[in-house]
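If you want the building blocks of each chain, they are given just below.
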Amino acid sequence: VLEPHNHPYDNNQDLSGVVNFPGALELKCSWDPQCATERNYDYFYMYADSSKSTPLVVGGSVADNGKFSGRDCWTPFTLSLSSFYWTFHSDGNE
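Here the structure is a predicted model, which means the values were calculated and not measured.

S.K.: Is there a simple way to explain the packing of aromatic side chains in this structure?
M.R.: We describe a pair of aromatic rings using the distance from one ring centre to the other and the angle between the two ring planes. With the rule as written, the count across this model stands at twelve aromatic pairs. Look at Phe 68 and Phe 77: their rings are 6.1 Å apart centre to centre, the planes differ by 20 degrees, and that puts the pair in the stacked class. On the basis of relative accessible area, Phe 68 is assigned to the buried category, the value being 0%. By relative accessible area, Phe 77 is classed as buried at 10%.

S.K.: What am I meant to see in unusual backbone geometry here?
M.R.: In most cases, non-glycine residues show a negative phi, while peptide bonds are predominantly trans. Residues other than glycine seldom take positive phi values, yet Asn 12 does so here, at roughly 55 degrees. As for its placement among the helices and strands, Asn 12 is situated in the segment before strand S1 (14-20). Residue classification places Asn 12 among the exposed residues on the basis of a relative accessible area of 61%. Here the phi dihedral of Asn 40 falls at roughly 70 degrees; this positive angle occurs in a residue that is not glycine. Inspection of the secondary structure puts Asn 40 in the loop between strand S2 (27-29) and strand S3 (43-47).

S.K.: Is there a simple way to think about the nonpolar core in this case?
M.R.: Note on soluble globular proteins: their nonpolar side chains tend to be buried together. Core analysis: the biggest nonpolar cluster contains 14 residues, and Phe 44, Met 46, Phe 68, Leu 79 and Phe 84 have the highest contact counts within it. For this core, the secondary structure elements donating two or more residues are S2, S3, strand S5 (77-79) and strand S6 (83-89). Broken down by element, this core gets its largest block of residues, three residues, from S6. Once residues within four sequence positions are removed from consideration, Phe 44 is found in contact with Trp 31, Gly 66, Lys 67, Phe 68, Trp 74, Trp 86, Thr 87 and Phe 88.

S.K.: Looking at this model, I keep getting lost on the environment of Ser 69. Mind explaining?
M.R.: For Ser 69, the position within the fold is in the loop between strand S4 (67-68) and S5. Ser 69 sits 31 residues away from Glu 38 along the chain, and the two C-alpha atoms are 6.8 Å apart. Residues in contact with Ser 69, not counting those within four places in the same chain, are Thr 37, Glu 38, Arg 39, Asn 40, Tyr 41, Asp 42 and Tyr 43. For Ser 69, the side chain forms a polar contact with the main-chain nitrogen of Asn 40, separated by 2.8 Å.

Each value, and the rule that gives it
- Residues numbered from 1 in each chain as written.
- Predicted model: local features only at pLDDT ≥ 70, side-chain atom pairs only at ≥ 80, totals over all residues.
- Heavy atoms only, no water.
- Phe/Tyr/Trp six-rings, centres within 6.5 Å; stacked < 30°, edge-to-face > 60°.
- Buried < 20%, exposed > 50% of the residue type's maximum accessible area, 1.4 Å probe, protein only.
- Helix = DSSP H or I, 4+ residues; strand = E, 2+ residues; numbered from the N terminus.
- Core = buried A, V, L, I, M, F, W, Y, C linked by side-chain atoms within 4.5 Å.
- Contact = heavy atoms within 4.5 Å.
- Polar contact = N/O pair within 3.5 Å; in protein donor to acceptor, adjacent residues only side chain to side chain.

Read these as geometric descriptors, not functional statements.
Structure follows, in C-alpha cells:
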C-alpha cells in the first residue's frame, strides 16, 4: 500500500487512515529508505483499533508505544493482524 503525500511533508498536518486486507494473517510493513520526521515533534502512530486506544508496540526501539519519530525508527516489521489504523501529526516548525 502506498500513501501518496507531499515530500517533504507540510507543517501543521493531521492525517489519518486505515490499512486493511480482510482475511490476511499478517502484514509486512516496510518504509521508503528516505522516510524521516522531525524527531520528537512530528509523529506517525499505528493502532490496532479504530478508536485509536490500542497503540501497536512494534519491537523495542522501533517504535515508542506505537509512535514513530525521527530517522532511525523505520525498520521493517510484521504484524499478526489484517488491518491497522494510523495517524500522522506535524507541528508548525520546519
